[in-house]
Amino acid sequence: MAIFNGIYRWDGTKKDDLEPIAWYPGSYDVKILDRCGKEGKVKHFKTTICLYARTGEGQSISASPEKFAKRICNDFALDIDRVLWVEDLLTERDRYDVILFTRTGKMGKGFFYRTEKRQAREAEVKMIQQALADLLIESTA
């Protein structure tokens, strides 16, 4: 089930207690997909997939996706540790990068994360492709 499927935009200004994703405007094509299953019987550690791809408009977050992930989690009530973060590189080969966030510290109510990127594994690619196929079916129904 799609939680969000569209263009996610930011204007580069600070409006609340969270830092902006970037200090310049930008947008990404974002798909947030619930993996809990239609009947809720399947339990995954990563209950949600967040697949994002650049639109070519504005600031890129590819090199530093932590603020983007925190903002997405805030806006859609997600737990950063329960989301499979995937950047769609829009290439023919090695299309998906998985982004891993590891907590490294805490200040007040906020956490700091170390970010690692790796190529998506074969099983992850199949899962992403299945989620996208389900999204297509859902959007045409």
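These numbers were taken from a predicted model, which means no experiment stands behind them.

(A) Highlighting the sheet that holds strand β4 (residues 83-88). With respect to topology, 6 strands assemble into an open sheet ordered β1-β2-β3-β4-β5-β6, the strand pairing being mixed. Strands at the two margins of the open sheet, each flanked by one partner only, are β1 (2-10) and β6 (110-119). Strand-to-strand twist in this sheet, taken as the mean axis angle between neighbours without regard to direction, amounts to 25°. Taken together, the 10 bridges between strand β5 (residues 96-107) and β6 define a ladder with antiparallel strand orientation. From the neighbouring strand, Ile 99 faces β6, where its bridge partner is Lys 117. Running over the sheet, helix α1 (residues 66-76) touches β1, β2 (26-34), β3 (48-58), β4, β5 and β6 and is turned about 125° from β1.

(B) Spatial organisation of the nonpolar core. Grouped together as the largest cluster of nonpolar side chains are 21 residues, with contacts concentrated most on Trp 10, Val 30, Cys 50, Tyr 52, Phe 68, Ile 72 and Trp 85. Elements represented by at least two residues in this core include exactly β1, β2, β3, α1, β4 and β5. Of all the elements, α1 adds the most residues to this core, at 4 residues. What Phe 68 contacts, discounting residues up to four positions off in sequence, is Tyr 8, Trp 10, Ile 21, Val 30, Tyr 52 and Ile 61. By size, the runner-up hydrophobic cluster in this structure holds 11 residues, among which are Ile 49, Leu 84, Tyr 96 and Leu 135.

(C) Molecular detail of the side chain of Thr 47. Looking at the secondary structure, you find Thr 47 in the loop between β2 and β3. Under the relative-accessibility criterion, Thr 47 is labelled buried at 19%.

(D) Structural view of the packing of aromatic side chains. Taken as a whole, this structure holds 11 aromatic pairs when the rule is applied. Look at Tyr 28 and Phe 68: their rings are 5.9 Å apart centre to centre, the planes differ by 45°, and that puts the pair in the tilted class. One end of the pair, Tyr 28, is in strand β2; the other, Phe 68, is in helix α1, with 40 residues separating them in the sequence. Assessed through its relative accessible area of 2%, Tyr 28 is described here as buried. Ring centres of Tyr 52 and Phe 68 lie 4.9 Å apart, and the angle between their planes is 55°; on these two criteria the pair is classed as tilted. Of this pair, Tyr 52 sits in strand β3 while Phe 68 sits in helix α1, placing them 16 residues apart in sequence. Of the two residues, Tyr 52 and Phe 68, neither departs from the other in class, the shared state being buried. Each residue in the set Phe 4, Tyr 8, Trp 10, Tyr 28, Tyr 52, Phe 68 and Phe 76 is aromatic and connected to the rest through ring pairs, giving one cluster.

Analysis parameters
- Each chain has its residues counted from 1, running along the sequence as written.
- For a predicted model such as this one, the threshold for reporting local features is a pLDDT of at least 70, and the threshold for listing and counting side-chain atom pairs is 80 or more; totals across whole chains, interfaces and linings nevertheless cover every residue.
- Each side-chain value is derived from all of the structure's non-hydrogen atoms; neither hydrogens nor water enter the calculation.
- The pairing criterion for strands is at least two bridges between them, as found by DSSP.
- Helix and strand assignments follow DSSP, with helices taken as H or I runs no shorter than four residues and strands as E runs no shorter than two, numbered in order from the N terminus.
- Angles run from 0 to 180 degrees between N-to-C directions of axes, and those axes are lines fitted to C-alpha atoms, restricted for helices to the stretch in contact.
- A contact between two residues is defined here by any heavy atoms of the two lying within 4.5 Å.
- Definition of nonpolar core: a set of buried residues of the types Ala, Val, Leu, Ile, Met, Phe, Trp, Tyr and Cys, connected through side-chain atoms within 4.5 Å.
- For every residue, the accessible area obtained with a 1.4 Å probe (protein chains only) is divided by the maximum for its type, and the residue is called buried under 20%, exposed over 50%, and partly exposed between those limits.
- Pairing of aromatic side chains requires ring centres within 6.5 Å, counting the rings of Phe and Tyr and the six-membered ring of Trp. Pairs whose planes differ by under 30 degrees are stacked, by over 60 edge-to-face, and all others tilted.

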